[in-house]
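Report on the structure
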Amino acid sequence: MSLGRFQSRFLTVARRLCNKSGNSAVPRFLDRHVQALLGEMTGVDVDKVFSPRKEPLRVPRYQLMSEEQLTKAEEDTIERAKKLLRMPPVLDQRKEIGEILEDDQLLDGHDKDEAKLVFTDISLDVHNRDRKIVVREANGVLRQATWGERDNMNQIYFPVEGRKLHMPALFLPENMQVVFAQGRHEYMLDVANIQCDPDSEDYIKVHHETYEDIEKRGCHDVLYSTRHYGGMVYYLVKQQRTDKLLINILDADRMDDAERLIRLCHLLHPNTDVAIKCKQKAVSGIDLVEMHLRLQGPQKALKYFEELDKRTEGIES
């Protein structure tokens, strides 16, 4: 199975899982308003999306185009880029399974090597999440397979392209730090997306550690205009740790994104004092950003408005 088809099928399950859990009064990652804000903040840098990657050499293709054809080709390229920037889902960690179905003492010691027997439904029309997989222990206990066992059996019978049977050594803490020091955070997240399901412990751990390193280094733009930017923003907003990110956005002179970030903060934390006061004042745009900063900070970010006022005064004079 290709990764694209696997992710498309898993997204359907992800939406179902997301809708089942959490406080429905507070929007979650897959909520359309949250998705819209995160998608707009991600940006579409075509040069970055289609940056050179290691792949087999191909003969270059040249084509003469009219102005109209060139415009159409550019529009098609932007649409292709948007599809590649589609964000992976963010889910709560799945609950461990292993329910005991039967304890047959007559089968105790059925294998002298004490090997486990794994029984897997390999029907083609069953989604991997719903596939029946059970394990008969050497002591006669029949139980549901754990997530790790399920992942291994699904990969054996229905391999996902690029996914390994065992966790890559890349995910070891010492190796992750080497990758982070090289600024290859996007690569780390790409590998995690291929290797793990979005609600698995390893997937969540790798993503959170990557976001934490980015936050520590203040290099948020390393994920800008990648499919992982929205997940990082959502993580920081949920934890109410957006000061560095907001300054990073203002440094890049992306005032619209600053407003979107603050709107997302108020959307996910509607009961905070700053969210309530901004809603009462019905402010938007630059006024929303400035009011949020004056009420909650970071105060040093107000320098951008002081500089903006100076530029405005210069133009008017």
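The paragraphs below set out a description of the structure included in this document. Worth saying up front: this structure is predicted, and the values here are computed from it rather than measured.

Counting residues in each nonpolar core, the largest one holds 40 residues, and the members touching the most others are Y229, M232, V233 and L261. Elements with a contribution of two residues or more to this core: α2 (32-42), α8 (201-217), α9 (229-238), α10 (243-251), α11 (255-268), α12 (273-281), α13 (285-296) and α14 (303-316). No other element matches the seven residues that α9 contributes to this core. Among the nonpolar cores identified, the runner-up in size contains twelve residues, and M176, F180, V191 and Y203 belong to it.

So, about the environment of S284. Tracing the backbone through its elements, the reader meets S284 in the loop between α12 and α13. For S284 and E259, which are 25 residues apart along the polypeptide, the C-alpha to C-alpha distance reads 7.7 Å.

Burial of α9 is extensive: nine of the ten residues sit out of reach of the surface. Restricting attention to buried positions, one finds in α9 the residues Y229, G230, G231, M232, V233, Y234, Y235, L236 and V237. On the buried face of α9, the contacting elements are α2, α8, α10 and α11. Remark: Q240 follows α9 within two positions and exhibits a positive phi of approximately 55 degrees.

A word on the packing of aromatic side chains. Summed over all chains, the structure comprises three aromatic pairs. Ring centres of Y211 and Y235 lie 5.3 Å apart, and the angle between their planes is 45 degrees; on these two criteria the pair is classed as tilted. Of this pair, Y211 sits in helix α8 while Y235 sits in helix α9, and the two are 24 residues apart along the sequence. As far as the burial class goes, Y211 and Y235 line up, both buried. Considering the side-chain rings of Y224 and Y229, the 5.5 Å spacing of their centres and the 85 degrees angle between planes classify their relative orientation as edge-to-face. Y229 matches Y224 in its accessibility class, with the two residues each being buried.

A few words on the pattern of salt bridges. Taken as a whole and judged by the stated rule, the model has 22 salt bridges. The closest approach of N and O atoms between R143 and E149, which form a salt bridge, is 3.0 Å. For D221, the salt bridge goes to R254, with nearest N and O atoms at 3.6 Å. Of the two residues, D221 sits in the loop between α8 and α9 while R254 sits in the loop between α10 and α11, which places them 33 residues apart along the sequence.

Scoring rules and cut-offs
- Residues numbered from 1 in each chain as written.
- Predicted model: local features only at pLDDT ≥ 70, side-chain atom pairs only at ≥ 80, totals over all residues.
- Heavy atoms only, no water.
- Core = buried A, V, L, I, M, F, W, Y, C linked by side-chain atoms within 4.5 Å.
- Buried < 20%, exposed > 50% of the residue type's maximum accessible area, 1.4 Å probe, protein only.
- Helix = DSSP H or I, 4+ residues; strand = E, 2+ residues; numbered from the N terminus.
- Contact = heavy atoms within 4.5 Å.
- Phe/Tyr/Trp six-rings, centres within 6.5 Å; stacked < 30°, edge-to-face > 60°.
- Salt bridge = Lys/Arg side-chain N within 4 Å of Asp/Glu carboxyl O.

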